[in-house]
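# Structural overview
These are the residues of each chain, in order.
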Amino acid sequence: MKHSIGTNIQQLRRARGLTQEQLADAVGVSAAAVSKWETGAACPDLLLMAPLARLLGTDLNHLMDFQPQLTDQEAQALTQEYSTLFEQGRAEEASRLSEQLLHQYPNDLWLKFYVSSLYLAYLQDTDHAAQLLEPCLDSPDELLRANATYVLAGLLGHGPQRDLERARQLLDGLSFPQLDVRALKIALLAEQGDLAQAEQLARAALEENLSDAVLCLQFLAKSAQRQKDFSKARTFLDQAEALCKAADVP
């Protein structure tokens, strides 16, 4: 919690221009009780929480400083901490802490994604990882949804929960320019026996990447020429030509 309940009560009371006595009278307690709440010496009775929230113009979540999910920085920091535990051979402790965190923040989808990556990297627990990834597919966060879809498709394509058709459907429905899914699609097509389409997609990917590689080699050749290093320039040009021949493109 970033603040205690008492701190929240004090801040909200002052924001509404109420004294401790006025707040106490409104909810039927003594001013001393309110003072104890605000100093952290005591907590309000559970039955007083709703009246307090209404009086202070807030909701129970805000009043009790309930944090529905971790910030991205907090989630990544905890993931790194548990990753260190795994690397130290303390897998049981890391798993227990991860499960406690998931139980504490059951609706935190980024947390589920981060923990699934731990289970895959250190435990090869594909079943548990897949369970954590499933709800991420419905996230309103496009980046999370895309990454979870890609990882789950990979698990369904190669893991014990092998389901090639669903893996392919997931990838076909994935539209996220920053994520290149062609390599995974090629592997799935080949696994399904659709070699012609796999080869077509592979050639398209190869030609696109080959173009960039050849352009870079040509630039390096020109740079070498300017430096009068003609041997190196010739080497770069030969490499560009060899790439084109290997890929069978002009």
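Data block above holds the structure.
Residues numbered from 1 in each chain as written. Predicted model: local features only at pLDDT ≥ 70, side-chain atom pairs only at ≥ 80, totals over all residues. Heavy atoms only, no water.

Before going further, it helps to spend a moment on the side chain of Ser 83. Within the secondary structure, Ser 83 is located in helix H6 (residues 72–87). At 2.6 Å, the side chain of Ser 83 forms a polar contact with the side chain of Tyr 122. Apart from residues lying up to four places away in sequence, Ser 83 is in contact with Leu 118 and Tyr 122. (Helix = DSSP H or I, 4+ residues; strand = E, 2+ residues; numbered from the N terminus. Polar contact = N/O pair within 3.5 Å; in protein donor to acceptor, adjacent residues only side chain to side chain. Contact = heavy atoms within 4.5 Å.)

A few words on unusual backbone geometry. The phi dihedral of Gln 124 is positive, around 50°, even though this residue is not glycine. With respect to the helices and strands, Gln 124 occurs in the loop between helix H8 (109–123) and helix H9 (126–133). A positive phi angle, near 65°, is found at Lys 228, a position not held by glycine. The residue Lys 228 is located in the loop between helix H13 (195–226) and helix H14 (230–247) in this model. Lys 228 sits in the exposed class, given a relative accessible area of 64%. (Buried < 20%, exposed > 50% of the residue type's maximum accessible area, 1.4 Å probe, protein only.)

For H14, which comprises 18 residues, the first-to-last C-alpha distance of 26 Å matches the rise-based estimate of 26 Å (1.5 Å per residue) to within 8%. Buried within H14 we find Ala 233, Phe 236, Ala 240, Cys 244 and Ala 247. All buried residues of H14 lie within an arc of 80° about the axis, which places them on one face of the element. Those residues of H14 that are exposed and aimed more than 90 degrees away from the buried face are Phe 230, Ser 231, Lys 245 and Ala 246. Summarising the contacts, the buried residues of H14 are in contact with H13. Downstream of H14 by a residue or two, Asp 248 has a phi angle that is positive, lying close to 60°. (Expected span 1.5 Å × (residues − 1). Arc of directions from axis to C-beta.)

Next up on the list: the pattern of salt bridges. Here the structure, examined in full by the defined rule, presents 11 salt bridges. For Glu 191, the salt bridge goes to Arg 162, with nearest N and O atoms at 2.8 Å. Taken together, the residues span a long stretch of sequence, with Glu 191 in helix H12 (residues 182–191) and Arg 162 in the loop between helix H10 (142–158) and helix H11 (164–172) at a distance of 29 residues. Salt-bridge contacts for Glu 241 lead to Lys 245; the nearest nitrogen and oxygen are separated by 3.5 Å. (Salt bridge = Lys/Arg side-chain N within 4 Å of Asp/Glu carboxyl O.)

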